Structure formats: C-alpha cells, structure tokens
Amino acid sequence: MTAYDPNNIFAKILRGELPAHRVYEDDRALAFLDIMPRAAGHTLVIPKNPARNLLDVDPADLGHVATVAQRIARAQMKAFAADGITLQQFNETAGGQVVFHLHVHVIPRHDGVALRPPATYKASQDELAAAADKIRDALKNL
Ligand code: AMP
C-alpha cells in the first residue's frame with residue numbers, strides 16, 4: 001500500500017496549517033465539519049496519529065474514532081433534530097477515498113431527504129460556523 005503522505009489536507013488541519021470548523025478534539029482524535037456537506041452538520045472524525053485509511057490504522061485508534069463518531073452522531077441527533085445518521089468511510093481510490101488520512105463521515109439524516117451528491121455543494125463559512133456551534137452545544141448536553 002502507498003505510504004502515508006504527511007502533506008495531505010487533513011494532516012495540515014491537524015497541524016493547524018489549514019483552518020477547520022472543529023467541533024470536538026481530544027488527545028487521539030479530531031472532529032470537524034466537511035466543507036462540502038452532503039447534509040447540514042456533516043462531520044468528519046479523524047485519528048491524530050497518521051493513518052492512510054482502514055487498512056493501516058492502529059486498531060486502538062480505529063476504535064477511538066468509532067467512539068468519537070458515536071458521540072458526534074448523538075450530538076447531531078439533538079442539534080439538527082435528525083431522524084437518523086449515516087456513516088461513510090472510504091478506502092483507497094477504488095473505494096472512493098479522495099483524502100488519504102483516515103476519516104469517518106458522520107451525516108445527520110431526515111426522513112425522505114436524500115443526501116446531496118458528493119462534492120456538489122460548498123457551504124458558506126457562516127453556514128459551517130452555525131452548524132459547528134449547534135454540534136458543540138449539543139455535545140455539552142449529551
Ligand atoms: P473522501 O476521501 O472520499 O471521504 O472525501 C474527502 C472529504 O473531505 C470530502 O467529503 C470533502 O468535501 C472533504 N474535504 C476536503 N477538503 C476539506 C477541508 N479542507 N476541510 C473539510 N473537509 C474537506
């Protein structure tokens with residue numbers, strides 16, 4: 001498998017070299033909003049340790065990312081009065097992966113509302129900031 005590239009976009013976000021709407025962070029994981037949300041509140045959860053994807057990630061980091069994804073999902077249910085949550089996770093180009101640092105998509109869903117197609121809608125900074133506030137508030141009240 002191709003080696004981890006420390007200059008991928010999410011590694012730059014982790015190092016603070018690129019901005020992100022961060023909603024949750026601990027010593028092993030970071031959650032921030034996807035800039036092209038497939039639904040309002042679409043969040044990405046990543047491990048802090050370098051991992052290209054599911055195939056090379058340390059199982060303990062993978063488990064922690066899943067734990068954080070569950071917290072984000074619970075917060076999104078409240079923050080967006082969601083009816084459900086979709087998780088997505090892509091591996092290698094053939095698997096649909098575009099950014100090569102492991103990430104889990106956590107997407108709030110509403111009955112009868114389809115996901116936007118991938119990479120079709122770029123949210124405004126105001127929209128992302130408002131969604132991030134809602135998730136952070138909901139996380140405080142879980
Ligand atoms: P994939 O690797 O297929 O899961 O797709 C990468 C995801 O990262 C897409 O949903 C993009 O919208 C998202 N993305 C790309 N660049 C950024 C960024 N700078 N901040 C937040 N999300 C991003």
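Here is a short report on the structure shown in this document. Owing to the predicted nature of the structure, the values given are computational and were not obtained by experimental measurement.

Quick word on the overall build of the chain
Logical step 1: Tallying secondary structure elements over the chain gives 3 helices and 5 strands in all.
Logical step 2: Starting at the N terminus and ending at the C terminus, the chain contains elements arranged as α-β-β-β-α-β-β-α.
Logical step 3: By the compact-globule yardstick of 14 Å for 142 residues, the chain fits well, its C-alpha radius of gyration being 14 Å.
Logical step 4: Long-range pairs, those at least 24 residues apart, make up 64% of the contacts in the chain between residues at least 6 apart in sequence.

Details of the nonpolar core
Logical step 1: In terms of nonpolar packing, the biggest core is built from 22 residues, with Val-23, Leu-33, Val-45, Ile-72, Val-106 and Ile-135 touching the most fellow members.
Logical step 2: Secondary structure elements with two or more residues in this core: strand S2 (29-33), helix H2 (59-79), strand S5 (104-109) and helix H3 (125-140).
Logical step 3: In terms of residue count, H2 provides more of this core than any other element does, 7 residues in total.
Logical step 4: Judged by nonpolar contacts, the second largest core, of 7 residues, contains Phe-32, Leu-44, Ile-46 and Val-99.

Observations concerning unusual backbone geometry
Logical step 1: Positive phi, close to 45°, is recorded for Ala-81, a residue that is not glycine.
Logical step 2: Within the secondary structure, Ala-81 sits in the loop between H2 and strand S4 (84-88).
Logical step 3: For Ala-119, which is not glycine, the phi torsion reads 55° and is therefore positive.
Logical step 4: Summarising the element assignment, Ala-119 is placed in the loop between S5 and H3.

Here we look at the site of the ligand
Logical step 1: For the ligand, the set of nearby residues contains 16 residues, the closest of which are Asp-34, Gly-96, Val-98, His-103 and His-105.
Logical step 2: Ile-35 places a polar main-chain atom, nitrogen or oxygen, 3.4 Å from a nitrogen atom of the ligand.
Logical step 3: Calculation on the ligand without its partners gives an accessible area of 510 Å², and the protein chains cover 84% of this total.
Logical step 4: Of all the secondary structure elements, the ones that give two or more residues to the shell around the ligand are helix H1 (9-14) and S2.
Logical step 5: Taken together, the residues that form the shell around the ligand break down as 11 nonpolar, 4 polar and 1 charged.

What counts, and where the lines are drawn
- Along each chain, residues carry numbers from 1 onward, in the same order as the chain's sequence is written.
- For a predicted model such as this one, the threshold for reporting local features is a pLDDT of at least 70, and the threshold for listing and counting side-chain atom pairs is 80 or more; totals across whole chains, interfaces and linings nevertheless cover every residue.
- Processing note: side-chain calculations cover all non-hydrogen atoms of the structure and skip hydrogens and water entirely.
- Helix and strand definitions here come from DSSP, where helices need a minimum of 4 consecutive H or I residues and strands a minimum of 2 consecutive E residues; each element is numbered from the N-terminal end.
- With the radius of gyration taken over C-alpha atoms, the globule rule is written as 2.2 Å times the number of residues to the power 0.38.
- Contacts are assigned to residue pairs with any non-hydrogen atoms lying within 4.5 Å of each other.
- Take the buried Ala, Val, Leu, Ile, Met, Phe, Trp, Tyr and Cys residues and link them wherever side-chain atoms come within 4.5 Å; each set so joined is a nonpolar core.
- Each residue is assigned to one of three classes by its accessible area relative to the maximum for its type, calculated with a 1.4 Å probe on protein chains only: buried under 20%, partly exposed between the two thresholds, exposed over 50%.
- Nearness here has a simple test: a residue counts as near a molecule or strand if at least one of its heavy atoms is within 4 Å of that partner.
- Two N or O atoms count as a polar contact when they lie within 3.5 Å, although within protein this holds only if one can serve as hydrogen donor and the other as acceptor, and sequence-adjacent residues are included solely when both atoms are side-chain atoms.
- Calculation of accessible area relied on Shrake-Rupley with a 1.4 Å probe; when residues are assessed, cover is drawn exclusively from the protein chains displayed.
- In this classification, the charged set is Asp, Glu, Lys and Arg, the nonpolar set is Ala, Val, Leu, Ile, Met, Phe, Trp, Tyr, Cys and Pro, and all remaining amino acids, among them Gly, are polar.

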